[in-house]
Amino acid sequence: MSLTNKTFAETLQVQVKFKLHAYLGMVVYLIMLQIVGILMSLIGPTGMLSVSSFVDIDVEMYTPTALIFLSNLWAFYVGLLMTRHDQRADIMPFVSTRIMSSIGDVVVLVVLAVYAGITAMLSNYVVRIVIMLKSNKHMLADENMFNAPEVFLANLVAFIFFILCFAAVGYFLGMIAQKSKKVLFIIVAVFLSMLFTSFGQEILLGTIKIAQSGFFSFMGVMIVLSATCLIVATFLAGNLEVKG
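Residues numbered from 1 in each chain as written. Predicted model: local features only at pLDDT ≥ 70, side-chain atom pairs only at ≥ 80, totals over all residues. Heavy atoms only, no water.

1. Details of the overall build of the chain
For step 1, the next point in the chain: A tally of regular secondary structure across the chain gives nine helices and two strands.
For step 2, the next point in the chain: Counting from the amino terminus, helix and strand elements in the chain follow one another as α-α-β-β-α-α-α-α-α-α-α.
For step 3, the next point in the chain: Here the chain holds 244 residues, and 36% of them are scored as buried.
For step 4, the next point in the chain: In the structure as shown, the chain presents an accessible area of about 14,600 Å², 72% of it carried by carbon and sulfur atoms. (Helix = DSSP H or I, 4+ residues; strand = E, 2+ residues; numbered from the N terminus. Buried < 20%, exposed > 50% of the residue type's maximum accessible area, 1.4 Å probe, protein only. Areas by Shrake-Rupley, 256 points an atom, 1.4 Å probe, with all protein chains shown as cover.)

Listed below in structure tokens is the structure:
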């Protein structure tokens, strides 16, 4: 039976499996980047020293900033990579329409974002374990997956959607570039120019304040931005010609 005679769900399942296999090598790169992120987190902690007549306190704070940055950079690149002509041309024989192919891309990006979010969170715990194994280090009690599972799950969901947002932006910009590099240049130029105007700065600061006001506000911003980028990119994909 050909793919054209299969249901939407069956066709989508076939192409998602194919694309996940095609991008399996990117998972290896993610693991390598997160190892680098772990090393950067261990090498560069922020510190605070308190000295008194009776005791010296040296406090070091380890943050997952490097892990988040490298994971987001990886997601952005994967989003761009999926829009390349050669990548889409190789996959098109296995799907029925360009819209179907783009929907498959979205599903794959979501799956990869979930994987990247989980591994980033676990990598953060690797950093904690390494610190605890140091004989001269004592970690202060904090919220973790054992004593505060709801906080762990909230952080995990936030990680996943933050990574997905970068992947969606990369996919959107990549699709714009395939459609018209001039349009991409205009979009980037307008965005950068807005950063130097009071109106653009107010919009950016307002968005940041909304995202920082709470978990649900942050999630709302991430979902709206990701959905907008993916929907527009899917619409543009329907008008692209796949070149062999």
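Having seen the model, we can carry on.
2. Notes on the nonpolar core
Proteins that are soluble and globular tend to have nonpolar side chains buried together.
For step 1, the next point in the chain: Trp74, Val78, Met82, Leu109, Leu112 and Tyr171 are the most contacted members of the largest nonpolar core, which has 39 residues in total.
For step 2, the next point in the chain: Mapped by element, the contributors of at least two residues to this core are α1 (8–22), α2 (24–43), α3 (65–81), α5 (98–133), α6 (149–179) and α9 (215–237).
For step 3, the next point in the chain: Top element by residues in this core is α6. It accounts for 13 residues.
For step 4, the next point in the chain: Contact partners of Val78, with chain neighbours within four places excluded, come to Met26, Leu109 and Leu112.
For step 5, the next point in the chain: Of all hydrophobic cores here, the second largest spans six residues; its members include Ala158, Phe218, Met219 and Val221. (Core = buried A, V, L, I, M, F, W, Y, C linked by side-chain atoms within 4.5 Å. Contact = heavy atoms within 4.5 Å.)

3. A look at a nonpolar patch on the surface
For step 1, the next point in the chain: A contiguous nonpolar patch, built from Ile31, Ile35, Leu39, Ile43 and Tyr115 and spanning about 490 Å² of accessible area, is present on the exposed surface.
For step 2, the next point in the chain: Sort the elements by how many residues they give to the nonpolar patch and α2 lands first, with four residues.
For step 3, the next point in the chain: By secondary structure assignment, the location of Ile31 is in helix α2. (Patch = residues over 30% accessible without salt bridge, like charges linked within 9 Å, V, L, I, M, F, W, Y side chains within 5 Å. Salt bridge = Lys/Arg side-chain N within 4 Å of Asp/Glu carboxyl O.)

4. A short note on the pattern of salt bridges
For step 1, the next point in the chain: Taken as a whole, this structure holds one salt bridge when the rule is applied.
For step 2, the next point in the chain: Across the pair Lys19 and Asp105 runs a salt bridge, and its minimum N-O distance is 2.7 Å. Here Lys19 is found in helix α1, whereas its partner Asp105 is found in helix α5, with 86 residues between them in sequence. The two residues Lys19 and Asp105 agree in class, both being buried.

5. Some details on the packing of α5 against α6
For step 1, the next point in the chain: In contact at an axis separation of 8 Å, α5 and α6 are set at 135 degrees when each is read in the N-to-C sense. Our classification of the angle between α5 and α6 gives oblique. The two elements α5 and α6 meet at a crossing, and its hand is right-handed. Across from Ser102, Asp105, Leu109, Val110, Ala113, Val114, Ala116, Gly117, Ile118, Ala120, Met121 and Tyr125 in α5, the residues of α6 making contact are Phe152, Asn155, Leu156, Phe159, Ile160, Ile163, Leu164, Ala167 and Tyr171.
For step 2, the next point in the chain: A class-by-class count of the residues in the contact of α5 with α6 yields 17 nonpolar, three polar and one charged. (Axes fitted to C-alpha atoms, helices over the stretch in contact; angles between N-to-C directions. Parallel < 35°, antiparallel > 145°, perpendicular 65-115°, else oblique. Left-handed = near helix turned anticlockwise from the far one by under 90°. Nonpolar A, V, L, I, M, F, W, Y, C, P; charged D, E, K, R; others polar.)

6. Looking at the packing of α6 against helix α7 (residues 181–194)
For step 1, the next point in the chain: Where α6 contacts α7, the two axes come as close as 5 Å, and the packing angle between them is 135 degrees. Put simply, α6 runs oblique to α7. Mapping the contact onto sequence places Phe172, Leu173, Ile176, Ala177 and Lys179 in α6 and Lys181, Val183, Leu184 and Ile187 in α7.
For step 2, the next point in the chain: In terms of residue class, the contact of α6 with α7 is built from seven nonpolar, no polar and two charged.

7. A word on the environment of Phe235
For step 1, the next point in the chain: Relative to the helices and strands, Phe235 resides in helix α9.
For step 2, the next point in the chain: Taking the C-alpha atoms as reference points, Phe235 and Ile99, 136 residues apart in sequence, are found 7.4 Å from one another.

8. Considerations on the side chain of Thr83
For step 1, the next point in the chain: For Thr83, the position within the fold is in the loop between α3 and α4 (85–91).
For step 2, the next point in the chain: For Thr83, a relative accessible area of 2% corresponds to the buried category.
For step 3, the next point in the chain: One polar contact links the side chain of Thr83 to the main-chain carbonyl oxygen of Gly174, over a distance of 3.5 Å. (Polar contact = N/O pair within 3.5 Å; in protein donor to acceptor, adjacent residues only side chain to side chain.)

9. Things to note about the environment of Tyr77
For step 1, the next point in the chain: Tracing the backbone shows Tyr77 in helix α3.
For step 2, the next point in the chain: Residue classification places Tyr77 among the partly exposed residues on the basis of a relative accessible area of 44%.
For step 3, the next point in the chain: Through-space distance from the C-alpha of Tyr77 to that of Tyr171 is 8.5 Å; in sequence the pair is 94 residues apart.

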